[in-house]
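Architecture and fold: a report
Each chain, letter by letter, is given below.
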Amino acid sequence: NACPTALYAETYANIVSDKARRRAMIVIAQGMANAAREAENIDAVISESISQLASKANIKNGAVHISEFVSRLYDQVDERYKNPVKTGEVSGIPSGFVDYDAITDGFHQGEETILSAEPGLGKSLLAFQMACNMSSKFPGAVYELEMSALSVVKREASNISRITTRDMNRGNIEDWQAFVKAVETMSTKDIYISDDSRLTTATLRADLARLREDHGIKWFVLDYLKLLKDRVGKDDTERTAWLSAEVHDICKDLNLAGLVIHSMNKAGVRERSGSQADLAGSVQVLYDADQIVFMMRDEKYENVIHLKWAKFREGEMPTAGIQLSKLPGFPGFRNCAKI
């Protein structure tokens, strides 16, 4: 009644909206203060509070008409139509392994890929090598919870320089220039690394949001899922379900490609079938992942590793898989000719 004209209606509406968001923030803050004193599971409270605050930061995150997404699809395909992917390139983030990219078209933002294998096959090694390859075109982050960041970097430097990690540790380096060149090469890679063993899904989400905002990252590697320190669930199954759902939501909400290492159960290690049932923990992991890839030993060739898909969300399931070769004495994989 006090505003007889609609001229400034949008301005007044924005004021009302702003006040509503401020009241919501006060309610969330009060809830966090109460939970800090009383809640048993503080990690769950932190994660929920972050999600609530994120939703209030942009009130347009609610459901919108399908036409908005149809319009986005048109713009995306129209852009690719005008600038089609060239032969030998991929539409996503290239892994650096030709056969892998031929099947997956690279890693895609908003999607989660699970990589699993029995102990000792080099899943951490392969994941970090893919990270280094991805960083040649797009910045990203690596969360190394199993090893120290220095150890991971050392292995990749060995892979590049062809100087064994043992010789690096002992100082027996004959080709110093090769080592220096490897160090220079790795220093230019657009990768941000954390080996904080106290990482939780809440701190992972917060740090990735920071890196996306400050450095424009497009992907991340997590090594590995069950080493996140969230204290949730009555047993390993419930805890794995929680971790899986949270990491999947991080990929989706932040629009990041996630490569997540996850362990196999005892039956999977024993049978080596490479099926979905071989993953450890909750079956929720199977539903959350966009792709599930197993590393398998070759029965005949010691230095050949097979990658076998157990889930493939887009397109036809790759039944044949691919092979990678591991160079004897050096921590690295290469594209392998079909056998």
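So, a few notes on the structure that sits alongside this text. (Residues numbered from 1 in each chain as written. Predicted model: local features only at pLDDT ≥ 70, side-chain atom pairs only at ≥ 80, totals over all residues. Heavy atoms only, no water.)

Quick look at the side chain of Thr113 now. Relative to the helices and strands, Thr113 is located in strand β1 (residues 112-117). Filtering out sequence-adjacent residues up to four positions away, Thr113 remains in contact with Tyr100, Phe107, Gly258, Leu259, Val260, Gln291 and Val293. (Helix = DSSP H or I, 4+ residues; strand = E, 2+ residues; numbered from the N terminus. Contact = heavy atoms within 4.5 Å.)

For the rest of this paragraph, the subject is the nonpolar core. Generally speaking, a soluble globular protein has its nonpolar side chains buried in company with each other. Ranked by size, the top nonpolar core spans 39 residues in total, and within it Tyr100, Leu126, Trp219, Met295 and Leu307 carry the most contacts. Per-element tally for this core: the top contributor is helix α5 (residues 123-134), with 8 residues. Not counting residues within four places of it along the chain, the set of residues in contact with Leu307 comprises Tyr100, Leu126, Val293, Phe294, Met295, Gly321, Ile322 and Leu324. (Core = buried A, V, L, I, M, F, W, Y, C linked by side-chain atoms within 4.5 Å. Buried < 20%, exposed > 50% of the residue type's maximum accessible area, 1.4 Å probe, protein only.)

Moving on: the state of the cysteines. Put plainly, a disulfide is one covalent bond tying together the sulfur atoms of two cysteines. Using the criterion set out here, one finds 0 disulfides in the structure. The closest cysteine sulfur to the non-disulfide-bonded Cys132 is located on Cys251, 19 Å from its own sulfur. Taking the relative accessible area as the measure of exposure, Cys251 reaches 0% and is therefore buried. (Disulfide = S-S within 2.5 Å.)

All right, on to the pattern of salt bridges then. Enumeration according to the criterion identifies 9 salt bridges in this entry. Note that Glu68 and Arg72 form a salt bridge whose closest N and O atoms lie 2.8 Å from each other. A residue pair is termed a helical-turn pair when its members lie 3 or 4 positions apart in one helix, as Glu68 and Arg72 do in helix α3 (residues 66-82) at 4 residues. For Glu68, a relative accessible area of 36% gives the class partly exposed. Residue Arg72 is classed as partly exposed on the basis of its relative accessible area of 48%. A salt bridge links Glu118 to Arg297; the nearest nitrogen and oxygen atoms lie 3.1 Å apart. With a gap of 179 residues between them, Glu118 in the loop between β1 and α5 and Arg297 in strand β6 (residues 291-297) connect regions that are remote in the sequence. Accessibility expressed as a relative area gives 36% for Arg297, which makes it partly exposed. (Salt bridge = Lys/Arg side-chain N within 4 Å of Asp/Glu carboxyl O.)

This next bit is on the sheet that holds strand β4 (residues 219-223). The strand order across the open sheet built from 9 strands is β3-β2-β4-β5-β1-β6-β7-β8-β9, with neighbouring strands paired in mixed fashion. Of all the strands in the sheet, the pair left with one neighbour each is β3 (191-194) and β9 (333-335). For this sheet, the mean angle separating the axes of adjacent strands, direction not counted, is 25°. Looking at chain direction, β4 and strand β5 (residues 257-263) are connected through 5 bridges and run parallel. For Trp219, the partnering residue across the bridge sits in β5 and is Ala257. (Pairing = 2+ DSSP bridges. Axes fitted to C-alpha atoms, helices over the stretch in contact; angles between N-to-C directions.)

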